[in-house]
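Descriptive analysis of the structure
What follows is each chain in one-letter form.
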Amino acid sequence: MGISYDEAQRVFHLRGKDVSYVLGVVRDGYLAHLYYGKGLREFAGSNGLTFIKRDFSPSVSIGDETFSLDSLPQEYPQYGNTDFRKPAYQVKGMDGTTISDLRYESHRIFAGKMKLDGLPASYVEQDSDANTLEITMADAVLGLRVILQYTVFGADNVITRSARFVNDGQDSLQILKAASACIDFKDSNYDLLTLPGAWGNERQVERAALRHGMQSVDSVRGASSHQQNPFVALLEKQTTEESGEAYGFNLVYSGNFEASVEVDQFATTRVILGIHSFNFDWKLESGATFQTPEVVMVYSDAGLGEMSRQYHRFYQKHLLRGVYRDKTRPILVNNWEATYFDFTEEKLLDIAKVGSKLGMELLVLDDGWFGKRNSDKSSLGDWFVNDEKLPNGLRNLAKNVNDLGMKFGLWFEPEMVSVDSDLYRAHPDWCIHVPKRAKSESRNQLVLDFSREDVCTEITRRMAAILEEVPISYVKWDMNRHLSEVGSAHFTSERQQEIAHRHILGVYGVMDAITTQFPDILFESCSGGGGRFDPGMLYYMPQTWTSDNTDAVSRLKIQYGTSLVYPIIAMGSHVSSAPNHQVGRFTSLEMRGNVAMSGNLGYELDLTTLTEAEQEIVRHQIEMYKEIRELIQFGDFYRLKSPFEGNETAWMFVDEAKTESCVFYFQVLATPARPLQFVKLAGLNAAAQYKLRGTEQVFGGDELMYAGMKVPTTLIGDFQTVSWHFQIKK
Ligand code: DGJ
C-alpha cells in the first residue's frame, strides 16, 4: 500500500488494500487518468493511453494531430481548449473570459491526511493509516494554482479526492465551477445506481444502463435533500449484490451538489462530483484560497454488498467522531408521534416511566418545548423554555427523567426562524432573503442566514445556554425546509452567488462549535426525517433520523437503500403505533420491532396506551436488542433479499470474528400457493458450527450459506417476520 512515483514515466500509483489508482503527467504537463480498479502490483501500460487523430477533436499540440484533450482521459479537465466534454472546473479572469489551462507544476507525497479548511472530511488517527498525494497544477495567465488532493488508505479500498484553489495572481478571479473530483473511465459498459426519493420515501434504489450524453443527480435546495443523495455508483452490467465490480462515489457535503455522468462519442464515461455549479460564483481575491469538499470513492470487485461494507467500515473508523463513535447507542423513546405539540410534564414523565420499566434508556423531548410553540406556526429561534407548558422548567424535567434511570434528550432546529418569533421581530434581516422580494415560507418558517457570523454566534450562544443548564445527553438537530430566495443582507452584490455555500459553511461552523463544546452529548441529525442523510452531517453527528416515515413496510426499502452507503449504527429507526401515522397501515408489533431493530432502535409512540401483552412484546424486543446491539451496530451487514425485487426482504449481521450472527426475514404480503421460502445466509465461517439460539439445533456455516435456512410455514398473513440468532459452537 502507499503511493509511488515513477519519475521516468511521470506516473503516480496509489495502492490501497486491493485497489489501484494510476495517473500520469503527459506531454506539456496535462494530467491524464490511467487506471482505477482492482489492485495492481505495477502499471506498465498494457492498456495505456492511445493517441490517434480524431476528426473534429482539435489538437492542443501544434503540429501533432493525435493529441486532443477531447479524447484524453483526464484528472481535472478544463473548459476552453479542445475538450468538449463537461469540465471539472471553470474560472473567469479579469478580462471576462472563462478559458483556463492548468498544467502540472509540482507534487508532494506524505504520510497521513490534511484537514480540509472549514469542511467535514474523512480523517486518520495515525499518519501510518493513509498516504496523501498533492499535485499542484498552475495556469500562469490567470495566476491560478489548483492543488489536487488524493488520499489512499492502507486497510481499505478507499480513495478520497478534493481540490484547493489558490489565487496567486494580482487580480481577483471568479470560480464558476469547482468540482471535487473527476474520473474518466475508458468505456461505458456500466449501470448507474442512484438513490432518489422524496419526503417519507428517501433513498430508493434506481439502476439503469448508461446511455450517450449526460445523466446526473443533483440538489439545488440548499441541502443534500430527500430528493437525491450525493451518491452515485457505476456497476458492471453483471454486478450483483455478491459479485462484480462496483465503483461508489459519495460527496462529503450537505448543500447543493451535482453528480454527473457523461458518456461521450467514443463511449468513454466521465464522472464528476462537487458543489453544484448552478447559481454558484465565488470571488477569489488575490492571495485567497477555496477548498472543495471531498469525494469518498470505494472500489469493490465483490459486488454491491462489499462496496457497502467498505463504506460502513470506513465511515465508522474515518468519518464518525467523538465518544459515541465506538460506543453502542442508547435505546430511546421519542415523544413526537406520541403527543406531537400537545404534552405536559406529567405526560412526558408517564411515558418515561413505562419506557424505563421496559428497559428504554433515554427520553427525547421533541419539538414544542420552547418559546410559545404549540404548533408549527411559531417560536423557532426563541430557544427559551415554554413556561406555560413546562412550568417547572427543563432542568427539573430532565432531573425527574434521570431519577427514573433514563437519560434526557432535547430537540432543536437551530438553522430556522419562525416569522412569529421574538428573534424574527428583532432581526428581520437575519434570514436568507432577497430585498424587495417576497420571503416564501415553508412550514411557516424561514431559514436563518448562517453565512453571517453574527447570526451563527447568537444561535450558538442560545443553544449552548440550554445545554449548559440542563443535564442533556442527546440532541436531535432538525432542519425542516429548503432554501428559497437565496440571498444575504450582509454581503455585497458580487457575493450573492456565494451564499448557498457560505450558509453551509456557517452551519458546519455552528455544528463544530456546539459538538466541540459538548463532547459527551450524542447528536442525531435530522431534516424532516432523512433529508440530510449525508457524510457531511455524519462527521458532526454520528447518527441521522432515517425518515419521518416510520411504517415498517416503507422502512424496508428506505433502510435497504440507506444501507447502500451509510453504516447501520447511523440509522435511527423507531417502532411507532399502528395504524401508522404516515401511511395508515396496520403492521404487527413484531414486524415493526424487527425492522427497527435492524438499525439504531428507538420507540416513538405513546407507551402509556400499550396493553399488557404489547408491553411484553416490547420488553422482549428490548432484551433481544440489548443482546445483539453490539452486533447490529458494529457488525458487518449483508443484504440477502431486496424489497425492491419482491415480496420478501432479508438481511443479516455478522461480527468481525464470524462467531455470531443475526438474520431478519420479512414477508410483506400473504400470497396464495406460496412457494416454500428459504434464505441463504452470507458472511459466515463455512468451516464453523453455529447454534441457533433458543434451540439445541446446530448447523454448519457452509450449510447455512449454501443450503440456506427454511422460512417457517407458520408465517401466515401480511407483514410477517422471523429472526434467527446464531452463535458459534466451540
Ligand atoms: C421533523 C422530524 O423529522 C420529526 O421527527 C419531528 O422532529 C418534527 N420535525 C418536529 O417538528
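Residues numbered from 1 in each chain as written. Predicted model: local features only at pLDDT ≥ 70, side-chain atom pairs only at ≥ 80, totals over all residues. Heavy atoms only, no water.

Here we come to the overall build of the chain. Along the backbone of the chain there are 12 helices and 38 strands. By sequence separation, contacts in the chain at least 24 residues apart represent 69% of the contacts at least 6 residues apart. Entry remark: accessible area of the chain is about 27100 Å², with carbon and sulfur atoms responsible for 49%. (Helix = DSSP H or I, 4+ residues; strand = E, 2+ residues; numbered from the N terminus. Contact = heavy atoms within 4.5 Å. Areas by Shrake-Rupley, 256 points an atom, 1.4 Å probe, with all protein chains shown as cover.)

Before going further, it helps to spend a moment on helix α4 (residues 393-403). Among the residues of α4, G393, L394, L397, A398 and V401 are the ones counted as buried. On its buried face, α4 sits against α3 (345-358), β22 (362-365), β23 (407-412) and α6 (453-469). (Buried < 20%, exposed > 50% of the residue type's maximum accessible area, 1.4 Å probe, protein only.)

Evaluation of the coordinates by the stated rule reveals 50 salt bridges. The salt bridge partner of R639 is E241, with a shortest N-O separation of 2.9 Å. With R639 in strand β31 (residues 636-641) and E241 in the loop between β14 (231-236) and β15 (246-252), the pair connects residues that are 398 residues apart, well separated along the chain. Between R495 and E498 there is a salt bridge; the shortest N-O distance is 2.8 Å. Across this residue pair, the class does not change: R495 and E498 are buried. (Salt bridge = Lys/Arg side-chain N within 4 Å of Asp/Glu carboxyl O.)

As a further point, take the site of the ligand. In the region of the ligand, 13 residues are neighbours, and D366, D367, K476, D478 and D548 sit closest. Within the contact set of the ligand, an oxygen atom lies 2.7 Å away from a side-chain nitrogen or oxygen of K476. Taking G529, its main chain carries an N or O atom lying 2.9 Å from an oxygen atom of the ligand. Summarising the interface, the protein chains cover 98% of the accessible area of the ligand, which totals 290 Å² for the free molecule. (Near = heavy atom within 4 Å. Polar contact = N/O pair within 3.5 Å; in protein donor to acceptor, adjacent residues only side chain to side chain.)

Let us now look at the packing of aromatic side chains. According to the stated counting rule, one finds 42 aromatic pairs in the structure shown. When the centroid spacing of 6.1 Å and the interplanar angle of 65° are considered together, the rings of Y89 and F165 count as edge-to-face. Taken together, the residues Y89 in strand β5 (residues 89-92) and F165 in strand β9 (residues 158-167) connect sequence positions 76 residues apart. Neither Y89 nor F165 differs from the other in exposure class; each is buried. Here the aromatic rings of W369 and F412 are separated by 5.4 Å at their centres, their planes lie at 80°, and the arrangement is edge-to-face. (Phe/Tyr/Trp six-rings, centres within 6.5 Å; stacked < 30°, edge-to-face > 60°.)

Now for the packing of helix α10 (residues 589-597) against helix α11 (residues 612-634). Look at α10 against α11: their axes get within 10 Å of each other, and the N-to-C directions meet at 20°. If you check the angle between α10 and α11, you find them roughly parallel. In this structure, α10 meets α11 at a crossing whose hand is right-handed. Along its contact with α10, which presents L589, E590, G593 and M597, the element α11 presents E614, I617, V618, Q621, M624, Y625 and I632. In terms of residue class, the contact of α10 with α11 is built from 7 nonpolar, 2 polar and 2 charged. (Axes fitted to C-alpha atoms, helices over the stretch in contact; angles between N-to-C directions. Parallel < 35°, antiparallel > 145°, perpendicular 65-115°, else oblique. Left-handed = near helix turned anticlockwise from the far one by under 90°. Nonpolar A, V, L, I, M, F, W, Y, C, P; charged D, E, K, R; others polar.)

Two elements, strand β1 (residues 2-6) and strand β2 (residues 11-15), share 5 bridges in a ladder whose sense is antiparallel. Of the residues in β2, the one forming a bridge with Y5 is F12. Linking β1 back to β2 in an antiparallel pair, the connection comprises 4 residues, with R10 at a positive phi of about 60°. (Pairing = 2+ DSSP bridges.)

What follows is about the environment of K730. If you trace the backbone, K730 turns up in the segment after β38 (720-728). Through-space distance from the C-alpha of K730 to that of K691 is 9.7 Å; in sequence the pair is 39 residues apart.

Looking at the chain, pLDDT values average 97 and 100% of them are 70 or higher. Model confidence for the chain, summarised as mean pLDDT per element, is weakest for β1 at 97 and strongest for β15 at 99. (pLDDT = per-residue confidence, 0-100.)

Pairing between the strands of a sheet comes from backbone hydrogen bonds, and it takes one of two forms, parallel or antiparallel. The strand order β1-β2-β3-β4 describes an open sheet built from 4 strands, whose pairing is antiparallel. Each edge of the open sheet carries a strand with a single partner, namely β1 and β4 (30-38). Between one strand axis and the next, the sheet turns by 15° as a mean value, whatever way the strands run. Here β2 pairs with strand β3 (residues 19-26) via 5 bridges, running antiparallel. The residue of β3 that forms the bridge with L14 is Y21.

Quick look at the side chain of S219 now. Within the fold, S219 resides in strand β13 (residues 213-219). Among residues more than four places away in sequence, those in contact with S219 are S224, S225, N256, F257 and H276.

Here we take up the sheet that holds strand β30 (residues 600-604). Pairing is parallel in the closed barrel, where 8 strands are placed in the order β21-β22-β23-β26-β27-β28-β29-β30. Mean inter-strand twist for the sheet, computed between neighbouring axes without regard to direction, equals 30°. In terms of strand pairing, β23 meets strand β26 (residues 474-477) through 4 bridges, oriented parallel. Across the sheet, the residue bridging to F412 is W477, located in β26. Helix α9 (residues 552-563) contacts β28 (543-545) and β29 (571-576) of the sheet and is inclined by roughly 170° relative to β29.

The next subject is the nonpolar core. Counting residues in each nonpolar core, the largest one holds 188 residues, and the members touching the most others are F165, W369 and F408. When residues of this core are assigned to their parent elements, the largest contribution, 8 residues, is made by strand β10 (residues 173-185). Ignoring any residue separated from it by four or fewer positions in sequence, one finds W369 in contact with F343, W383, F384, V385, N386, L390, L394, L410, W411, F412 and I466. (Core = buried A, V, L, I, M, F, W, Y, C linked by side-chain atoms within 4.5 Å.)

Moving on, we come to the pairing of β23. Across the 6 residues that make up β23, a large majority, 5, are buried. Where β22 lies against β23, 4 bridges are found, and the strand directions are parallel. Within β23, the position partnered with L362 by the bridge is K407.

With that out of the way, let us pick up the environment of Y89. Judged by relative accessible area, Y89 falls into the buried class, the value being 0%. Sequence separation between Y89 and K177 is 88 residues; the distance between their C-alpha atoms is 4.6 Å. If we ignore the near neighbours within four places in the chain, the residues touching Y89 are Y76, P77, Q78, Y79, S100, D101, L102, L144, F165, K177 and A178. Only 2.7 Å separates the side chain of Y89 from the side chain of Q78, close enough to count as a polar contact. A polar atom in the side chain of Y89 sits 3.2 Å from the side chain of S100.

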